[in-house]
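What the coordinates show
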Amino acid sequence: MAKVVCVLYDDPVDGYPTTYARDGLPKLEHYPDGQTLPSPKAIDFQPGVLLGSVSGELGLRKFLESQGHSLVVTSDKDGPDSVFERELADADIVISQPFWPAYLTAERISKAGKLKLAITAGIGSDHVDLQAAIERGITVAEVTYCNSISVSEHVVMMILSLARNYIPSYEWVVKGGWNIADCVARSYDIEGMDIGTVGAGRIGTAVLRRLKPFDVKLHYTDRHRLPDAVEKELGVTFHKTAEEMVPVCDVVTINAPLHPETENLFDEVMIGKMRRGAYLVNTARGKICNRDAIARALETGQLAGYAGDVWFPQPPPKDHPWRSMPHHGMTPHISGSSLSAQTRYAAGTREILECWFEGRPIREEYLIVAGGKLAGAGAHSYSAGDATRGSEEAARFKT
Ligand code: NDP
């Protein structure tokens, strides 16, 4: 029987919800490319309830315990004295969400002698040292596509809110003001702007599709080129590298995974190649952007705005410069954890567990590492290596 350790974010400060803003979720038939939605044999939760926090338990307890497995759920994940570090010692399976990542560094993996499976309840397994997982033969799987559309909606919202200066304008109303000039002195239409995505996978392409009706000029860079027909349909221009793309863009959105190739991609040099007053939206991973270079670029005006929901580490220390830099629209990591997305990734996690326990293959598109190498989606979109360095700083959030 397996010991499953599941790391989830804390419940709301007012307690686990007893009612919800809406009565249900729209029913989706499949993902936009035809991929089927998560298909476990059953679920033990009501779609639309909070599943990603500790009391929600991803809806897994009944299923696991009825089969004789044990489930430990905790939000205490950072530092050597954390519950996670203690429970990891004899865990067979770890489940973690990118929003509140249980960093599986090489050091932690070396202490987790029984660990065989690391599931990301979401997309993006950079919180796992993939190189160490490869070397130890640990399977890493994520719920590919579960929240890609959720994030793409968020990206469009953030591009518009930065360009139109939405957040400061909202704040004037809350403060009791009617300061139109203060609000509009930094407000622009995106119509006619050049907007480029770094990464045109599930999220990047969905962002391009959603932006097209705004009559903007679209650009992308990716390791693999989109099919001709898609390029034509979207009227999107391909650039071989991000360096080539950013000088022609007013807005850049980052939608590539964090792996050794993309870590620190947006450093001082790359940001220096962007148009003065460009907007940068990063909902991919914090570490793709250099923390201090972003803050400096907002201070000097090289960037007119920066928004996103991803930081490094997570949670970021209270003095992280992105909390206080000018012209930012940062939130905690939420874009992929809407109640809609939670329903899909909880079901996908259950599907992966059912496959694992029954000895059935996990869907190829869910695999990141298997059999001692990058596999499935991981082989297509990641490079081997480690992107967890520095994650121990997450323990500073508590102090
Ligand atoms: P996909 O795998 O569908 O797309 C990722 C794309 O990035 C692929 O097309 C890949 O290229 C491309 N890519 C990889 N490396 C590079 C590179 N060096 N330069 C340019 N492009 C590159 O994943 P999704 O679109 O679903 O998700 C993308 C990322 O977004 C996730 O890995 C995750 O980090 C983040 N994410 C964030 C969420 C949030 O809540 N904020 C939620 C979900 C995801 P190719 O495959 O062609 O090699």
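What counts and how
Residues numbered from 1 in each chain as written. Predicted model: local features only at pLDDT ≥ 70, side-chain atom pairs only at ≥ 80, totals over all residues. Heavy atoms only, no water. Core = buried A, V, L, I, M, F, W, Y, C linked by side-chain atoms within 4.5 Å. Buried < 20%, exposed > 50% of the residue type's maximum accessible area, 1.4 Å probe, protein only. Helix = DSSP H or I, 4+ residues; strand = E, 2+ residues; numbered from the N terminus. UniProt positions renumbered as here; feature names shortened; annotations may be inferred. 1 Å grid on protein atoms, 1.4 Å probe; cavity = no way out; pocket = protein on both sides within 12 Å on 5 of 7 lines; lining within 4 Å. Contact = heavy atoms within 4.5 Å. Polar contact = N/O pair within 3.5 Å; in protein donor to acceptor, adjacent residues only side chain to side chain. Points joined across faces, edges and corners; volume = space filled by probe spheres on them. Nonpolar A, V, L, I, M, F, W, Y, C, P; charged D, E, K, R; others polar. Pairing = 2+ DSSP bridges. Disulfide = S-S within 2.5 Å. Patch = residues over 30% accessible without salt bridge, like charges linked within 9 Å, V, L, I, M, F, W, Y side chains within 5 Å. Areas by Shrake-Rupley, 256 points an atom, 1.4 Å probe, with all protein chains shown as cover. Salt bridge = Lys/Arg side-chain N within 4 Å of Asp/Glu carboxyl O. Near = heavy atom within 4 Å.

One finds Leu 58, Ile 95, Leu 104 and Tyr 345 to be the most contacted residues of the largest nonpolar core, which totals 67 residues. Top element by residues in this core is helix H13 (residues 339-358). It accounts for seven residues. With 29 residues, the next largest nonpolar core counts Ala 242, Met 274, Cys 289 and Ile 294 among its residues.

In this numbering, the UniProt entry assigns the feature "site: Important for catalytic activity" (unreviewed entry) to Arg 285 and His 333. A maximum C-alpha distance of 9.6 Å places the annotated residues, which cover 49 residues in sequence, within one compact spot. Checked against the lining of the largest cavity, the annotated residues just named reduce to Arg 285 and His 333. Sequence-distant contacts of Arg 285, defined by excluding residues within four places in its chain, comprise Pro 98, Ile 123, Gly 124, Asp 126, Leu 258, Val 310 and His 333. Within the structure, the side chain of Arg 285 is placed 2.9 Å from the backbone oxygen of Ile 123, a separation counted as a polar contact. Within the fold, His 333 resides in the loop between strand S12 (328-330) and H13. The contacts of His 333, once residues within four sequence positions are left out, are Pro 98, Phe 99, Arg 285, Asp 309, Val 310 and Gln 314. Polar side-chain contacts of His 333 include one of 3.4 Å to the backbone oxygen of Pro 98.

With that settled, consider empty space enclosed by the protein. One pass over the structure, following the stated rule, counts two cavities of 30 Å³ or more. Space inside the largest cavity adds up to approximately 110 Å³. Residue composition of the lining of the largest cavity, grouped by class: seven nonpolar, four polar and three charged. Considering the residues around the second largest cavity, the lining is formed by Asp 126, Val 128, Leu 130, Leu 258, His 259, Pro 260, Tyr 382, Ser 383, Gly 385, Asp 386 and Ala 387.

Moving on to unusual backbone geometry. Here the bond from Phe 312 into Pro 313 is cis, since omega is -10 degrees, no more than 30 degrees from zero. Counting through the fold element by element, Pro 313 comes out in the loop between strand S11 (303-308) and S12. A cis amide bond, omega -5 degrees, links Gln 314 with the succeeding residue Pro 315. Unusually for a residue other than glycine, Tyr 145 sits at a positive phi of about 80 degrees.

It is worth spelling out the environment of Phe 84 at this point. Tracing the backbone through its elements, the reader meets Phe 84 in helix H2 (residues 83-88). Not counting residues within four places of it along the chain, the set of residues in contact with Phe 84 comprises Val 5, Val 7, Thr 74, Asp 76, Lys 77, Val 94, Ala 102, Tyr 103, Leu 104 and Arg 108.

On to the sheet that holds strand S5 (residues 139-142), then. The mixed open sheet is built from seven strands, whose spatial order is S2-S1-S3-S4-S5-S13-S14. With one partner strand each, in any of the chains shown, strand S2 (70-74) and strand S14 (373-374) form the two edges of the open sheet. Looking at chain direction, S5 and strand S13 (residues 367-370) are connected through two bridges and run antiparallel. What sits directly across from Ala 141, in S13, is Leu 367.

Let's shift gears to the state of the cysteines. One pass over the structure, following the stated rule, counts zero disulfides. Distance from the sulfur of Cys 146, which forms no disulfide, to the nearest cysteine sulfur (Cys 6) is 14 Å. Left without a disulfide partner, Cys 249 is nearest to the cysteine sulfur of Cys 289, which lies 14 Å away.

For the rest of this paragraph, the subject is the side chain of His 69. For His 69, the position within the fold is in the loop between helix H1 (61-66) and S2. Within polar-contact distance, the side chain of His 69 engages the backbone nitrogen of Ala 2 at 3.0 Å.

Side chains of Tyr 166, Ile 167, Tyr 170 and Val 174 sit close together on the surface and give an oily, nonpolar patch of about 420 Å² of accessible area. Position of Tyr 166 relative to the elements: it lies in helix H6 (residues 166-174).

Moving on, we come to the site of the ligand. As a structural note, the neighbourhood of the ligand is formed by 30 residues, with Ile 203, Asp 222, His 224, His 380 and Ser 381 the closest of them. His 259 has a polar side-chain atom sitting 3.0 Å from a nitrogen atom of the ligand. Contacts to the ligand include Glu 261, whose side-chain N or O atom sits 3.0 Å from a nitrogen atom. Within the residue set of the shell around the ligand, elements represented by two or more residues are helix H5 (148-163), helix H8 (202-211) and helix H14 (376-381). Class assignment of the residues belonging to the shell around the ligand gives a composition of nine nonpolar, 15 polar and six charged.

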